[in-house]
Amino acid sequence: MRLENITVNLRPRQPWEAVDLGCAMVRRDYGRIILLWACTVLPLWVLVCMLLHAAPVWIPLVVWWLKPLYDRVPLFFLSRAAFGERPGFAETMKQWPRLWLKNCLPALLWRRLSFIRSFALPAQMLEGLSGGAANQRIKTLAMDGGGSGLSLSYVFSKIELAAWIGLMAGTYDLLPEAAQPEWSGLSAALDIESSIPRAFLWWGAACHMLIVTLIEPFYVGAGFALYLNCRTRIEGWDVELAFRRMAARLTSGSAALVIALLALMAASSPLHAADPKLAQADTNPELRKMLGELEGNIKKARLGSEVKSDPAKTVEKVLKEPEFEIHKIKSKKWVPDFKSEKKSSAEMPSLGFLEIIGKGLFWLLLIGLTSWLVYYLVRNRHLFISRSASRAPVRAPKVLMGMNITRESLPDDIVAAARAAWATGDGKEALSLLYRGSLSWLVNRRRVPISDSDTEEDCLMQVIQAGEKPEAEYFRQLTGAWVQVAYALLPVSDAEMGALCDQWPFIEKGGAA
Amino acid sequence: MAAARADTLQSVELADGVEIQLRVAGVAVRSMAYLIDLLIRIAIYIGASILMFWLLADVLGPQVTLGLFLLFIFFMEWFYNVIFEAGAKGATPGQRVFKLRVMSMTGGPVTLAQAVMRNFLRVVDFMPFFYLTGIVCMLFTRRFQRLGDLVANTVVTYVELPHTVVAQVPIQAERLAPSQVLTREEQAALLQFIERAPLWADERRLELASLAQPLTKAPGPEGLRRLCGMALWLQEPEEKRATPPPLKGAAYSRS
């Protein structure tokens, strides 16, 4: 591991910013991390599922409890990637058993509920300390970054929970009905095992694993970045790395010599007198090349004791640089193709008759369609014309409240029949004849909108609403009498009956009904 | 190599070829700020419901009061963030607790239109529930933007510069020009060293100074003294101009 090759910009950060740095580090290599994750964690998950297949409700809890194990492979990868050497698949797989076994028991037992889990993990796994020394070290680090490590765990458990609920809510409607628990019965039953379908529990466990896979690497990365930030602050890691790089550069010798020489030359050059920026440009090969040319110029100048620089050439060179490149964007635009249109009309002058035929066909078709439409309308005119008129007979009920009210079922002279029935002492029959007769008239002639589910009360309301005051008034009296006789079984007086018969209004003008 | 380094500073190139650095804030701190805003809103709703039903219910009747209360909730939910973010501070109370603010991608304050757009799209980020879309989106975009941010071209950034303790103790070292020309990064490292050295233990200072031995050309405390001298020399450009460094002096004398 070469510290100089660091691929992370270290500088003292606020804790939250360090967390963000961790997220950025994970995002950079998310694909590889997830691949390693899938190869190491998924087998464990399958194993857990197989062991707990009888009680899937416990799977998320066990998966959550085993989290310290999952963290180690991503951390191993991240710690190597931070220093420029991303471990390959085979190498990681070789390290896998060692990573999981190291400090495995404490991490899964008494350290499991530690709130600074992801912050302390790098200290445990990467620093090579053990026992009391490691504990002391973690304590020291936690004095500076422990609080942020704690809030980190809080934030990420919150995010994980939110994402889990979000995923479950988002996919809930896709579940088959058999897998959806009976929410209303849940509180009453209180027996989770029996009232929630097992499919639902399995689905919840799968969602949980998916979310853990999504979020946990970021949690590990954030903890690692917090650890780096902590060491940066209390130990000056960023300064150390910069010094190491500087030492490497200075001791490599030749480069330093060249820079010093160039700076010297640059200082003596009338064109670039004392420009310290040129000396700093050692990392940029282009600039170095330019500096080389400059050196040549200076040498020439010194030999000829006069500076000869061709302004035109310099300008040309400067204009060739990428900053002065003119970017062009090609885009296609639709232009009407007049040319080809003309051509086609020129090529086919004799085909004008086609147009006539086409027009003729069009008109024929139009006429045919129109006449067919007219024919169709005429043939089916009853559907359109007689609609409003024919509605009432279609809808007119034949039986109301268990009584047949068709015209055919009634005698021709209803009043006479009623009087006859009254005379024999059958008051109920008499009133029933009158009532049925009046309903029959109202429904069939007056088209009062009475439906077959209406009661006496409803019929009366409809009749009153339909207007025709005298008829409505009569019908009201008749209904009263009929209800009294039929339901209350109270007799009606002779005078009343006589009045009902005399006032019978449902007669066609100029003859008996 | 340097370009590929992971960082939380995100550079944005503006129209004039000017590059600015944004200290973008990620999902963790933003979720905390959101939580605080949520708690504030809930507290306001509780307070408002007590006040409105106590004062207005007798005058307007319970139905009208309920309607007004629901209207109030509607406007709070949709415009709470908009008003604060488009305001002078550019941040909601929750964001101010964590020293955050919403910025346009160009580094300027957000316009009202941007604030409206990024907050109305909250609904999309909320889907399917509890901001799952927003969380995933923030985790996987370079500037930690959720969909609303991407559409409105905004970022959430830290307001305060990182808190660094600058040494208050006088340093017992004479100003000394570096023996070699240093890159900008190395100069920055030297300045960081002189600023933060008082925070470290003596051993650590010596350890770091010994790493810079190729520059100081001296081991132990002498190397540390020289290193501090060079850092002091870098700190004060006025002095630098008055007495040019020996290297450049040599160049002048030669020409």
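Starting afresh in each chain, residues are numbered from 1 along the sequence in its written order. Following the order in which they are written, the chains are lettered starting with A and the ligands numbered starting with 1. Given that the model is predicted, a residue must reach a pLDDT of at least 70 before its local features are reported, and side-chain atom pairs must reach 80 or more before they are shown or counted; all residues, however, enter totals for whole chains, interfaces and linings. To obtain the side-chain values, all non-hydrogen atoms of the structure were included, while hydrogens and water were left out.

A.B. asks: So what about the overall build of chain A? Which residues, and what values?
C.D. replies: A count of helical and extended segments in chain A gives 25 helices and two strands. Burial classification: accessible surface area is computed with a 1.4 Å probe over protein chains only, and a residue below 20% of its type maximum counts as buried, one above 50% as exposed, and the rest as partly exposed. Per-residue burial for chain A yields a buried fraction of 42% across its 513 residues. Note on areas: these come from Shrake-Rupley sampling with a 1.4 Å probe, and a residue is covered only by the protein chains present in the view. With the model as given, the accessible surface of chain A reaches about 29600 Å², and the carbon-plus-sulfur share is 63%. To qualify as a helix, a DSSP run of H or I must reach at least 4 residues; to qualify as a strand, a run of E must reach at least 2; elements of each kind are numbered from the N terminus.

A.B. asks: I'd like a rundown of the pairing of strand 1 (residues 9-13) of chain B, residues and numbers included.
C.D. replies: All names here are of chain B. Burial of the side chains of strand 1 is restricted to one face: Gln10 and Val12 are buried, whereas none of Leu9, Ser11 and Glu13 on the reverse face is. Strands are treated as partners if at least two bridges between them are detected by DSSP. Relative to strand 2 (residues 19-23), strand 1 is paired through five bridges, and the arrangement is antiparallel. Across the sheet, residue glutamate 13 finds its bridge partner in strand 2, namely glutamate 19. Between strand 1 and strand 2, which pair antiparallel and follow one another directly, the connecting turn spans five residues, one of which, glycine 17, has a positive phi of 80 degrees.

A.B. asks: Quick rundown of the nonpolar core? Include the residues and the values.
C.D. replies: Joining through side-chain atoms within 4.5 Å is the link that ties buried Ala, Val, Leu, Ile, Met, Phe, Trp, Tyr and Cys residues into a set, and such a set is a nonpolar core. Among the nonpolar cores identified, the biggest contains 102 residues, and Trp16, Tyr70 and Phe156 of chain A are the most heavily contacted of them. Ranked by residue count, the leading element in this core is helix 11 (residues 198-235) of chain A, at 20 residues. Any pair of residues with heavy atoms lying within 4.5 Å of one another is described as a contacting pair. Excluding anything up to four places from it in sequence, tryptophan 16 of chain A contacts Ser151 and Val155 of chain A together with Ala28, Val29, Met32, Phe98 and Tyr158 of chain B. Within the second largest apolar cluster, 37 residues are counted, among which are Val415, Tyr435, Met497 and Leu500 of chain A.

A.B. asks: Mind laying out the environment of leucine 36 of chain A, listing which residues take part and the relevant values?
C.D. replies: Residue and element names in this part refer to chain A. Its place among the elements puts leucine 36 in helix 2 (residues 30-51). A sequence separation of 56 residues divides leucine 36 from threonine 92, and the C-alpha atoms of the two residues are 7.9 Å apart. Those residues in contact with leucine 36 that lie beyond four places of it in its chain are Val73, Phe77, Phe89, Thr92 and Met93.

A.B. asks: Kindly report on helix 24 (residues 469-486) of chain A, identifying the contributing residues and their values.
C.D. replies: Three- or four-residue spacings in an α-helix give side chains the same orientation, since the helix completes a turn every 3.6 residues. Residue and element names in this part refer to chain A. Expected span, for any helix, means 1.5 Å times one less than how many residues it has. The end-to-end C-alpha distance of helix 24, which contains 18 residues, comes to 25 Å, matching closely the 26 Å that a straight helix rising 1.5 Å per residue would cover. For helix 24, every residue scored as buried is listed here: Glu471, Ala472, Tyr474, Phe475, Leu478, Thr479, Ala481, Trp482, Val485 and Ala486. Buried positions along helix 24 lie against strand 2 (403-404), helix 22 (427-444), helix 23 (456-465) and helix 25 (494-502).

A.B. asks: Before we move on, could you go through the interface of chain A and chain B and cite the residues and values that matter?
C.D. replies: On the side of chain B, 59 residues touch chain A, which itself brings 65 residues to the contact. Take a side-chain nitrogen of Lys or Arg and a carboxyl oxygen of Asp or Glu: if they are within 4 Å of each other, that pair is a salt bridge. The salt bridge partner of aspartate 238 of chain A is arginine 196 of chain B, with a shortest N-O separation of 2.8 Å. Two N or O atoms form a polar contact when they lie within 3.5 Å of each other; inside protein one atom must be a possible hydrogen donor and the other a possible acceptor, and for residues adjacent in sequence the pair counts only when both atoms belong to side chains. For the pair chain A and chain B, the interface holds 21 residue pairs in polar contact (both at pLDDT 80 or more). Of all elements in the fold, only helix 1 (15-28), helix 8 (131-171), helix 11, helix 12 (237-251), helix 13 (254-268) and helix 14 (276-279) of chain A reach the threshold of two or more residues within the side of chain A that touches chain B. No other element matches helix 12 of chain A, which puts 13 residues into the side of chain A that touches chain B. Within the side of chain A that touches chain B, the residues separate by chemical class into 38 nonpolar, eleven polar and 16 charged. Nonpolar residues are Ala, Val, Leu, Ile, Met, Phe, Trp, Tyr, Cys and Pro. Charged residues are Asp, Glu, Lys and Arg, and all others, Gly as well, are polar.

A.B. asks: Explain the confidence of the model for chain B to me, using residue names and the numbers behind them.
C.D. replies: All names here are of chain B. Values of pLDDT, the confidence the predictor places in each residue, fall between 0 and 100. Averaged over every residue, the pLDDT of chain B is 82; the share at 70 or more is 87%. Predicted confidence in chain B is weakest over helix 14 (residues 246-254), with a mean pLDDT of 41, and strongest over helix 8 (residues 147-152), with 92. Considering only residues more than four positions removed or in separate chains, one finds that residues 247-255, a stretch of pLDDT under 50, has seven contacts. Across the assembled chains, the prediction reports ipTM 0.83 with pTM 0.62.

A.B. asks: Can you tell me about the packing of aromatic side chains, naming the residues and giving the values?
C.D. replies: Geometry of aromatic contacts follows a simple scheme: Phe, Tyr and Trp rings, the Trp one being its six-membered ring, pair when their centres are within 6.5 Å, and the pair is stacked under 30 degrees between planes, edge-to-face over 60, tilted otherwise. On inspection of all chains with the given rule, the structure shows 33 aromatic pairs over all chains. Pairing tryptophan 96 of chain A with tryptophan 100 of chain A gives two aromatic rings, centres 5.5 Å apart and planes at 90 degrees, and the pair type is edge-to-face. Taken together, the positions of tryptophan 96 of chain A and tryptophan 100 of chain A, both in helix 5 (residues 89-101) and four residues apart, correspond to about one turn of that helix. The interplanar angle of 45 degrees and the centroid separation of 6.2 Å between the aromatic rings of phenylalanine 193 of chain B and tryptophan 200 of chain B together place this pair among those described as tilted. Comparing phenylalanine 193 of chain B with tryptophan 200 of chain B shows no difference in burial state: the two are buried. When the ring centre of tryptophan 64 of chain A is taken as origin, the NZ or CZ atom of arginine 112 of chain A, which lies over that ring, is 4.3 Å away. We call a charge positioned above a ring when the Lys NZ or Arg CZ atom is no farther than 6 Å from the ring centre and deviates by at most 35 degrees from the ring normal. Residue placement shows arginine 112 of chain A over the ring face of tryptophan 65 of chain A; its charged tip is 5.7 Å from the ring centre.

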